[in-house]
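Fold and contact review
Chain by chain, the residues:
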Amino acid sequence: MSPRHTCAKNASQHPGQIILNAQVKRHTVAEEQADDQCLAEVQAYQQIAVIEDQIEATQKNAAKGSTVPAVGG
């Protein structure tokens, strides 16, 4: 029986990589809590930015003498 040889094309192939890419990454409880805390902080900063934009628009309208509040968006 002759020895088996790998085709040149398949020498650098990784057939199991498809399965590895499809697996869900698992997190520890501490990692999930850290992710949740980071997400909460980002959302808080976004809310603060919206409020600051509204205050700035209100101040600009007050400086112009306008009584109609600006609508943010």
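The preceding data block contains the structure.
Residues numbered from 1 in each chain as written. Predicted model: local features only at pLDDT ≥ 70, side-chain atom pairs only at ≥ 80, totals over all residues. Heavy atoms only, no water.

**So, the overall build of the protein**
For the record, the criterion: Here a strand is any run of E in DSSP of at least two residues, a helix any run of H or I of at least four, and the numbering for each starts at the N terminus. Think of it in three bands: residues with accessible area under 20% of the maximum for their type are buried, residues over 50% are exposed, and the middle band is partly exposed, with areas taken using a 1.4 Å probe on protein chains only. Per-residue and other accessible areas were derived by the Shrake-Rupley procedure at a 1.4 Å probe size, with only the shown protein chains allowed to occlude residues.
Along the backbone of the protein there are two helices and zero strands. The 73 residues of the protein split such that 1% are buried. As displayed, the protein offers around 7300 Å² of accessible surface, 58% of which is attributable to carbon and sulfur atoms.

**Concerning the pattern of salt bridges**
Going by this rule: Criterion for a salt bridge: a side-chain nitrogen of Lys or Arg within 4 Å of a carboxyl oxygen of Asp or Glu.
With the rule as written, the count across this model stands at one salt bridge. A salt bridge links Lys 60 to Glu 56; its shortest N-O distance comes to 3.6 Å. Taken as a pair, Lys 60 and Glu 56 lie in helix H2 (residues 29–64) at a separation of four residues, close to a single helical turn. The class of Glu 56 is partly exposed, set by a relative accessible area of 41%.

**Considerations on H2**
The test is simple: To estimate how far a helix should reach, multiply one less than its number of residues by 1.5 Å.
Here H2 spans 53 Å end to end across 36 residues, near enough to the 52 Å set by a 1.5 Å rise per residue. Just past H2, the residue Gly 65 takes up positive phi, approximately 90 degrees.

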